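# Structural overview for review
Residues per chain, in single letters:
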Amino acid sequence: MSEPRYSVARYLSIDSTESPTISVDGDLVFLSDTTGTPQVWSLDAPGAYPSQLTAYDERISFVSASPTRPEVIFGMDEGSNEHDQLFRYDLHDGAEIPLTDDLSSIHLWGGWSPDGDRFAFTANRRQSDTFDVYVQGRNDAKATLVHEGESGFLSIETWGEPGIVLSKAHASFDYDLFLLKPETGEHRRLSDGTETRYGNVRFGFDDRLYCVTNHDSDTAGIARIDLEDGTHETIQAGGDWNVEGFALHGETGRIVWSRNVDGYSEVHAGRLVDGEIEPLEDPADPGDPSDSDNLDLPKGVAYDLTFGPDGQQCTLSLSRSDDPRSVFVLDAETGESERWTNPGTLGVPKESLLEPETIRYETFDRREIPAYWTLPENASPGDTPVIVDIHGGPEHQRRPWFFPTKQYFLQQGYAIFEPNVRGSSGYGTEYTHLDDVEKRMDSVADIESAVEWLHDHEAVDSDRIVAYGRSYGGFMVLAAITEYPDLWAAAVDFVGIADFKTFLENTGEWRRSHRAQEYGSLDDPELLERISPIHKADRISCPLFIQHGANDPRVPVGEAEQIAEKVRERGVPVEICIFDDEGHHTTSRENLIEEFERIGKFLETHV
Ligand SMILES: CSCC[C@H](NC=O)C(=O)N[C@@H](C)C(=O)N[C@@H](CO)C(=O)O
């Protein structure tokens, strides 16, 4: 194993800057984890020295600038328990005003009223399994309940002159949209009841509604929804790939949108004219519409597209394998971009941060599974250990963004294999459903096929392959080492599901029905038993590292405790790392460093 030149603490101390928003004064406000947890910072010019605005130990989850005043609202939870409270921050005098104080409830940020006098959110205050809609004056201590939801998730997409748009998530690809008039409580459905995913909902010029949706398509595009009759009209199709987001400035009609092309973002800019997108003119050739390639953004993953109040600037977050999460600002008229934050790599040479190769491997049913494959420098034939890193969700997608621990393991001589197995998002709606309910173990079989691909690779040491994954990916690790126990030298399970029955019984009650759509219902115990690794723990033979957070509201910590006990009973090496002040994500840098120093030692011992 090559001697590590940089500690894992060094990689984990590389800052992330993201979630940008532009204040009425034109200041950029964003989140940075420089102090060890994401806090609110501001910048008044690109590359200037940023100003830290908040200094909590707890993580801040979002920040949103008022459309009319020099102030923002941010959300913060405790111990990573996802029970966010809301706070207002005055950008001129630094005053911080708590807006909610119901610590037992989750507050999901919705948005500001168009005049900035009020804001809206959903919360499960009334019933823990149900989110209701609340409106609160920016100076008021109390909120008004304006709509009672039904059991399960309910969130706010946007607030415009016509009203508040609500999103009811029945499942990851089955949403309904509603329009709520907060003054009267009038509430009517805008969606047509088909199994459709909606996101990024925004009011445009003359209050027409725009969104990202896969309505009537296998991939997502930008559509306009008629508020009167609910007709959906696609104004920008995704084609072979999904449109992933857009920013739209109502008054000017300026639009910046991006497409997820095999994991990489392709960013476009233009203007809505008569409801159609007119691409920006190519500065070099006036009259000739430019295309995405004319936007001189680094090739990576773009997200958080957001216009400033005047529509002249559009800010976004962007990350690449060799570029930590940074904030850029686009000139919406010319398409020219400027980097506003540059977190740097703490002296780790950028050329040592490795880009993946995008590959596809054939799986058991001859389907092609996309994956990212990264070999370490100077990988010696037949002597390279591999970490198979399986993402969570499952309706998520691994993409080529900056991953500090991935770069650390690469520098230590591991190759990294990141499959987007069936059920992953990013490859069309049909692909996301290939692992649903009774098809669960097909995605685990995709992992076996991945290892077969690795066995055929000249660099790989087949006896030193590690199963590694977070959340749903942690389930995939436990499933892989029970279904195919001979393939693995070791395994690392972060906040994984071990038993779908206890998971569904103990997960947050507001999310149970949503997750049952993906995994199966408690009414089908035979299915849940068939797909739960806990019942095959006697097949586990490789050393297992388990990490969890005691405050996890999604995958209860009991999932970690029960699998650890089962495996330990058999005398197989098990190490468990549970943080009392963390939840589904380890959010403090101090804990992350402890976690990964322990994982590094565990892998050194067993691989
Ligand atoms: C408005 S949709 C909310 C989706 C929900 N988010 C928080 O609970 C969710 O299920 N997210 C999945 C990515 C998720 O948490 N999946 C696993 C864990 O990886 C699970 O708990 O089922």
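Since the model is a prediction, treat every value here as computed from it, not as a measurement. (Residues numbered from 1 in each chain as written. Predicted model: local features only at pLDDT ≥ 70, side-chain atom pairs only at ≥ 80, totals over all residues. Heavy atoms only, no water.)

Each helix and strand in the protein was counted, giving 10 helices and 38 strands. For a compact globule of 607 residues, the expected C-alpha radius of gyration is about 25 Å, and the protein comes in at 24 Å, within 12% of that figure. In terms of its C-alpha atoms, the protein occupies a principal-axis envelope of roughly 65 × 55 × 50 Å. By the burial criterion, 61% of the 607 residues in the protein qualify as buried. For the protein, the proportion of contacts with a sequence separation of at least 24, taken over those separated by at least 6, is 54%. For the protein, the separation between the mean place of its 51 positive charges and that of its 114 negative charges on side chains is 3 Å. (Helix = DSSP H or I, 4+ residues; strand = E, 2+ residues; numbered from the N terminus. Rg over C-alpha atoms; globule rule 2.2 N^0.38 Å. Buried < 20%, exposed > 50% of the residue type's maximum accessible area, 1.4 Å probe, protein only. Contact = heavy atoms within 4.5 Å. Lys, Arg positive; Asp, Glu negative; His and termini not counted. Charge placed at Lys NZ, Arg CZ, Asp CG, Glu CD.)

This part covers the domain arrangement of the protein. Its domain assignment divides the protein into domain 1 (200–342) and domain 2 (384–606). The interface of domain 1 with domain 2 comprises 19 residues on the first partner and 11 residues on the second. With both chains or domains summed, domain 1 and domain 2 bury close to 1,300 Å², and 45% of this area falls on carbon and sulfur atoms. Linking domain 1 with domain 2 are one salt bridge, by the criterion used here. Elements represented by at least two residues in the side of domain 1 that touches domain 2 include exactly strand 21 (242–248), strand 23 (264–273), strand 28 (313–320) and strand 29 (323–331). Examining the composition of the side of domain 1 that touches domain 2, we find that three residues originate from one element, strand 29, more than from any other. Of the residues in the side of domain 1 that touches domain 2, the class split is four nonpolar, nine polar and six charged. (Domains from an automatic or database assignment. Buried area = accessible area lost by both parts, 1.4 Å probe. Salt bridge = Lys/Arg side-chain N within 4 Å of Asp/Glu carboxyl O. Nonpolar A, V, L, I, M, F, W, Y, C, P; charged D, E, K, R; others polar.)

Along the chain, glutamate 582 turns up in the loop between strand 38 (574–579) and helix 10 (589–606). Spatially, the C-alpha atoms of glutamate 582 and alanine 550 are 6.2 Å apart, while their sequence positions differ by 32 residues. Apart from the residues within four sequence positions on either side, glutamate 582 is in contact with Gly79, Ser80, Gly549, Ala550, Asn551, Asp552, Thr587, Ser588 and Asn591. Only 2.8 Å separates the side chain of glutamate 582 from the backbone nitrogen of threonine 587, close enough to count as a polar contact. (Polar contact = N/O pair within 3.5 Å; in protein donor to acceptor, adjacent residues only side chain to side chain.)

Looking now at the pairing of strand 2 (residues 28–32). Within strand 2, five of the five residues are buried, which leaves it mostly tucked inside the rest of the structure. Here four bridges tie strand 1 (residues 17–22) to strand 2, and the two strands are oriented antiparallel to one another. When the sheet's bridge partners are listed, glutamate 18 is paired in strand 2 with leucine 31. Two successive antiparallel strands, strand 1 and strand 2, enclose a turn made up of five residues, where glycine 26 displays a positive phi of approximately 85°. Bridge count between strand 2 and strand 3 (residues 39–43): five bridges; the pairing is antiparallel. When the bridges of strand 3 are listed, phenylalanine 30 appears paired with tryptophan 41. (Pairing = 2+ DSSP bridges.)

What follows deals with the packing of aromatic side chains. Tallying each qualifying case throughout the model produces 29 aromatic pairs. Centroid distance tyrosine 6 to tyrosine 11: 6.3 Å. Interplanar angle 80°. Geometry classified as edge-to-face. The class for tyrosine 6 is buried, based on a relative accessible area of 10%. The structure contains a cluster of three or more aromatic residues connected by ring pairs, namely Tyr6, Tyr11, Tyr408, Phe409, Tyr414, Tyr468, Phe494 and Phe596. Sitting over the ring of tyrosine 134, arginine 125 keeps its end group 4.9 Å from the ring centre. (Phe/Tyr/Trp six-rings, centres within 6.5 Å; stacked < 30°, edge-to-face > 60°. Lys NZ or Arg CZ within 6 Å of the ring centre and 35° of its normal.)

Turning next to a negative patch on the surface. Together, Asp274, Glu276, Glu278 and Glu281 make up a negatively charged patch on the protein surface. By the secondary structure assignment, glutamate 276 is in strand 24 (residues 276–279). (Patch = residues over 30% accessible without salt bridge, like charges linked within 9 Å, V, L, I, M, F, W, Y side chains within 5 Å. Areas by Shrake-Rupley, 256 points an atom, 1.4 Å probe, with all protein chains shown as cover.)

With that settled, consider the sheet that holds strand 18 (residues 209–213). Read from one edge to the other, the open sheet built from four strands follows the order 17-18-19-20, with strand pairing classed as antiparallel. Of all strands in the sheet, those with a lone pairing partner are strand 17 (198–203) and strand 20 (232–236), marking the two edges. Strand-to-strand twist across the sheet, computed as the mean angle between neighbouring axes with direction ignored, equals 30°. (Axes fitted to C-alpha atoms, helices over the stretch in contact; angles between N-to-C directions.)

Attention shifts here to the site of the ligand. Taken together, 14 residues sit near the ligand, with Gly393, Ser471, Arg511, Arg515 and Tyr519 positioned nearest. In this structure, an oxygen atom belonging to the ligand sits 2.8 Å away from a side-chain N or O atom of tyrosine 519. Here an oxygen atom of the ligand sits 3.1 Å away from a polar atom, N or O, in the side chain of arginine 554. Considering the ligand on its own, with 530 Å² of exposed area, one finds that the protein chains cover 84% of that surface. The element contributing the most residues to the shell around the ligand is helix 7 (residues 512–519), with three residues. Among the residues making up the shell around the ligand, the classes are represented as six nonpolar, five polar and three charged. (Near = heavy atom within 4 Å.)

In this fold, serine 265 is placed in strand 23. Looking at serine 265, its side chain comes within polar contact range of the side chain of glutamate 244, at 2.7 Å. Filtering out sequence-adjacent residues up to four positions away, serine 265 remains in contact with Glu244, Arg259, Gly300, Val301, Ala302 and Arg399.

Take the nonpolar core next. Judged by nonpolar contacts, the single largest core of 59 residues is most densely connected at Val386, Phe417, Phe475, Ile481, Trp488 and Ile563. It is helix 5 (residues 472–483) that contributes the most residues to this core, eight residues altogether. In this view, isoleucine 481 contacts Ala467, Trp488, Ala491, Arg539, Ile540, Cys542 and Leu544; residues no more than four positions away in its chain are not counted. (Core = buried A, V, L, I, M, F, W, Y, C linked by side-chain atoms within 4.5 Å.)

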